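# Per-entry structural report
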Amino acid sequence: MDVKIEQSWKERLADEFEKEYFKHLTDFVRNEYKTTTIYPKGSQMFNAFEHCPFDKVKVVLLGQDPYHEPRQAHGLCFSVLEGTPFPPSLINIFKEIQSDLGKPFPKSGDLTRWADQGVLLLNATLTVRAHIAGSHQNKGWETFTDAVIDRLNAERKNIVYLLWGAYAQRKGSIIDTSRNLVLKSAHPSPFSADRGFFGNKHFSKTNDYLIASEQTPINW
């Protein structure tokens, strides 16, 4: 199957695209785009990969679902399109960056600037119906994104994995902690941020590790 995804990822995931589950997933997603409103736009579905080729990945930030309201999702987890008000979780992420690194709130919630530096902003599910959270879960996306993590784990090392919340931590259970840095905390959602997300200092810890492994730190 010819999937329109960044070339280095296309090569690593070629076997995945031929599996039966991915064919079913493709049929489902195509039909959803034809019959209802889906986020993000089809052209942005694999945006995380377009901005972060396989060999450039320094950090993996795992999300769960795309945002499901207009002008939010554009294929990068936690990120919103330019000019869109910051969702609560993103506000809390910026609060922690401010506390950890002393950086002021940015003007834009578009995190493409992180992706271009090597942060793979990966949602477990890459599409969602408008206004219906979780509507494309258990259709095959999770198997695909598990394969993404598996390829990185097999071929790369010295990557920082940011696992916020129980869902991300379960999904990241296959990561080799002897060759990578795995940072875990509560999710930045307003329902859980006070239970360990605030004060986790994941942004400075990430950069300290990158510097120690002779990589350029991220300008958060």
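Counting of residues starts from 1 at the beginning of each chain's written sequence and follows it residue by residue. With the structure being a predicted model, the display of local features is reserved for residues of pLDDT at least 70 and the display and counting of side-chain atom pairs for 80 or more, all residues being used for whole-chain, interface and lining totals. For the side-chain quantities, the full set of heavy atoms in the structure was used; hydrogens and water were omitted.

## Regarding helix H5 (residues 88-101)
Note the threshold: The way it works is that DSSP assigns letters per residue, a run of H or I at least four long becomes a helix, a run of E at least two long becomes a strand, and they are numbered from the N terminus. What a helix should span is 1.5 Å times the count of its residues minus one. Burial classification: accessible surface area is computed with a 1.4 Å probe over protein chains only, and a residue below 20% of its type maximum counts as buried, one above 50% as exposed, and the rest as partly exposed.
In a regular helix each residue adds 1.5 Å, so 14 residues correspond to 20 Å; H5 covers 20 Å between its end C-alpha atoms and thus fits that length. Ser89, Leu90, Asn92, Ile93, Phe94, Glu96, Ile97 and Asp100 are the residues of H5 that are buried. Just past H5, the residue glycine 102 takes up positive phi, approximately 75 degrees.

## A short note on helix H9 (residues 202-212)
Where we set the bar: Contacts are assigned to residue pairs with any non-hydrogen atoms lying within 4.5 Å of each other.
For H9, every residue scored as buried is listed here: His202, Phe203, Ser204, Thr206, Asn207, Tyr209 and Leu210. Packing partners of the buried residues in H9 comprise strand E2 (59-63), H5, helix H6 (112-115), strand E5 (160-164) and strand E6 (181-185). The first or second residue beyond H9 is glutamate 214, which carries a positive phi of 60 degrees.

## Focus: the pattern of salt bridges
Think of it this way: side chains of opposite charge can pair up when their charged atoms draw near. Here is the rule we go by: The term salt bridge refers to a side-chain nitrogen of Lys or Arg lying within 4 Å of a carboxyl oxygen of Asp or Glu.
According to the stated counting rule, one finds 9 salt bridges in the structure shown. Between lysine 19 and glutamate 16 there is a salt bridge whose closest N-O contact spans 3.2 Å. Across the salt bridge formed by arginine 129 and glutamate 32, the nearest N and O atoms sit 2.6 Å from each other. One end of the pair, arginine 129, is in strand E4 (residues 128-129); the other, glutamate 32, is in helix H3 (residues 20-35), with 97 residues separating them in the sequence. Given a relative accessible area of 33%, arginine 129 falls into the partly exposed group. In the salt-bridge network here, residues are joined through shared partners; they are Glu16, Lys19, Asp150 and Arg151.

## Focus: the pairing of strand E3 (residues 119-123)
The criterion, for reference: At least two DSSP bridges between two strands are needed for those strands to be called paired.
Counting buried positions along E3 yields 5 of 5 residues, so the element is predominantly enclosed. The pairing of E2 with E3 spans 5 bridges and is classified as parallel. Counted as the bridge partner of valine 60 is leucine 120 from E3.

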